[in-house]
Each structure stands twice: as structure tokens, then as C-alpha cells.
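Observations on the model geometry
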Amino acid sequence: ANYDIITYSITYDYNDGVLPAGVTNPTEYTVESNTINIANPSKEGYIFEGWSGTDIDDKSTSVTIPHGSTGDRVYTANFKKIVGEHQIFFHYLKI
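Now for a quick tour of the structure. Small disclaimer: the values here were computed from a predicted structure and weren't measured. (Residues numbered from 1 in each chain as written. Predicted model: local features only at pLDDT ≥ 70, side-chain atom pairs only at ≥ 80, totals over all residues. Heavy atoms only, no water.)

**Here we look at unusual backbone geometry**
Phi at Asp16 takes a positive value of approximately 70°, unusual for a residue other than glycine. With respect to the element layout, Asp16 can be found in the loop between strand E1 (8-13) and strand E2 (28-29). Residue class for Asp16 comes out exposed when judged on its relative accessible area of 71%. You will see that Asp55, though not glycine, has its phi angle at about 60°, which is positive. Within the secondary structure, Asp55 sits in the loop between strand E4 (46-53) and strand E5 (64-65). (Helix = DSSP H or I, 4+ residues; strand = E, 2+ residues; numbered from the N terminus. Buried < 20%, exposed > 50% of the residue type's maximum accessible area, 1.4 Å probe, protein only.)

In C-alpha cells, the structure reads:
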């Protein structure tokens, strides 16, 4: 018997984040694709909290699509704003 290999889509919402230079995430895969590890984006002034989406409970910073997977996938990048980092300076007066 002949089987058609179905191509599934992978859609990302990077929420204004960017991947490292030269790094891309695949936008499609098939049941025969090798295991895919999704690269994480970064955003100036924010901490990456993880991806949410297909087959993820809450958020995960390590997303893998195992070989043999099927179905379209959607992932959303979640960021948390870094709230002002304070530097404390101690001044000693010599008397």
C-alpha cells in the first residue's frame, strides 16, 4: 500500500521576541521528521518564561516535537518584564 506523507504546520507567536542570529524554527514537519527542538527567543528588557501551546501544560522553556508526531502545532512565546534592577552603593566617610 502507498501512503501519502502529510505535512503539518508549526506556527509561532514570538510576541516581539527574536531568535539568535542565524537560528530559525521549522514551520512544518511530517511524521517522518527527526525530533525537533524549538529554539527560544529573547526580548530586550524581558525574561523568557517559556512557550505555551500544543501539548504544553502551563509554560515550558524546553519544547521538543518527537519523531513520529502528527498534527498542526501552535506555540506562543511568553515574556516577563524585568522590573528595575537596583544597584546599591555604600559610601564610607572617613572621619
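Let's pick the thread back up.
**So, the side chain of Ser33**
Along the chain, Ser33 turns up in the loop between E2 and strand E3 (36-37). In terms of polar contacts, Ser33 uses its side chain to reach the backbone amide nitrogen of Thr30, at 2.9 Å. Excluding its chain neighbours within four sequence positions, the residues that come into contact with Ser33 are His67 and Gly68. (Polar contact = N/O pair within 3.5 Å; in protein donor to acceptor, adjacent residues only side chain to side chain. Contact = heavy atoms within 4.5 Å.)

**Considerations on the nonpolar core**
Counting 14 residues, the largest nonpolar core has Ile10, Ile38, Trp51, Ile65 and Tyr75 as its most contacted members. Contributing elements (two or more residues each) for this core: E1, E4 and strand E6 (73-81). Dropping the residues within four chain positions of it, Ile38 is found in contact with Tyr12, Asn25, Trp51, Val63 and Ile65. (Core = buried A, V, L, I, M, F, W, Y, C linked by side-chain atoms within 4.5 Å.)

**Some thoughts on the packing of aromatic side chains**
Counted under the stated rule, the structure contains 9 aromatic pairs. Centroid distance Phe48 to Trp51: 5.8 Å. Interplanar angle 70°. Geometry classified as edge-to-face. Residue class for Trp51 comes out buried when judged on its relative accessible area of 0%. An angle of 65° between the planes, with centres 5.6 Å apart, marks the rings of Phe48 and Phe79 as edge-to-face. A residue pair is termed long-range when its members are at least 10 positions apart, and Phe48 in strand E4 and Phe79 in strand E6 qualify at 31 residues. (Phe/Tyr/Trp six-rings, centres within 6.5 Å; stacked < 30°, edge-to-face > 60°.)

This is a description of form; function is not addressed.
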